[in-house]
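Coordinates in review
Listed below are the residues making up each chain.
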Amino acid sequence: HLRCADWNVCICELCWVLLSVESEMEEPDRYWDGRRFTQDLRKALAFSSYRKALSCQKRERIEEVSMIDLRTFRRKQMMLAA
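Fair warning: this is a prediction, and the values are worked out from it, not measured in the lab. All chains use their own residue numbering, which begins from 1 and follows the written sequence. Only residues with pLDDT of 70 or above have their local features reported here, since the model is predicted, and side-chain atom pairs are shown and tallied only from 80 upward, although totals for entire chains, interfaces and linings are computed over all residues. Working from all heavy atoms in the structure, the side-chain values ignore hydrogens and water.

By nonpolar core is meant a set of buried Ala, Val, Leu, Ile, Met, Phe, Trp, Tyr and Cys residues that side-chain atoms within 4.5 Å join together. We call a residue buried when its accessible area falls under 20% of the maximum for its residue type, exposed when it is over 50%, and partly exposed in between, using a 1.4 Å probe and counting protein chains only. L18, W32, F37, F47, A53, C56, I62 and I68 together form the largest nonpolar core, which totals eight residues. With residues up to four places along the chain from it excluded, the contact list for W32 reads L18, F37, A44, L45, C56, E60 and I62. Formed by six residues, the second largest nonpolar core is a distinct cluster that contains C15, V17, A44 and F73. Any two residues whose heavy atoms approach within 4.5 Å at even a single point are treated as in contact.

Centre distance within 6.5 Å is the pairing criterion for rings of Phe, Tyr and Trp, where only the six-membered ring of Trp is used; planes under 30 degrees apart are then read as stacked, over 60 as edge-to-face, and the remainder as tilted. Taken as a whole, this structure holds two aromatic pairs when the rule is applied. Taken together, a centroid distance of 5.2 Å and an interplanar angle of 85° make the contact between W16 and Y50 edge-to-face. A residue pair is termed long-range when its members are at least 10 positions apart, and W16 in strand β1 (residues 10-20) and Y50 in helix α1 (residues 50-59) qualify at 34 residues. Plain terms: the ring middles of W32 and F37 are 5.1 Å apart, the flat faces sit at 65° to each other, and that makes the pair edge-to-face. The way it works is that DSSP assigns letters per residue, a run of H or I at least four long becomes a helix, a run of E at least two long becomes a strand, and they are numbered from the N terminus.

What follows is the structure, encoded as structure tokens:
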């Protein structure tokens with residue numbers, strides 16, 4: 001049914017990311033890439049758990065300038081066959 005409706009089907013993953021606190025007031029969001037904040041979600045560090053994101057936030061000493069949030073990452077597009 002999905003193919004008939006012209007939907008693109010993707011396998012996605014929910015991951016934790018570090019966002020700049022300024023993202024609450026600005027558009028677009030800015031994500032931590034390991035060295036700085038970037039607008040490109042594909043370059044953002046993605047964490048499998050909140051605890052890992054929190055550990056990175058503390059290790060990089062960016063607790064006051066970042067917040068932890070969930071984002072959806074497209075990992076693979078599925079090809080549907082009849």
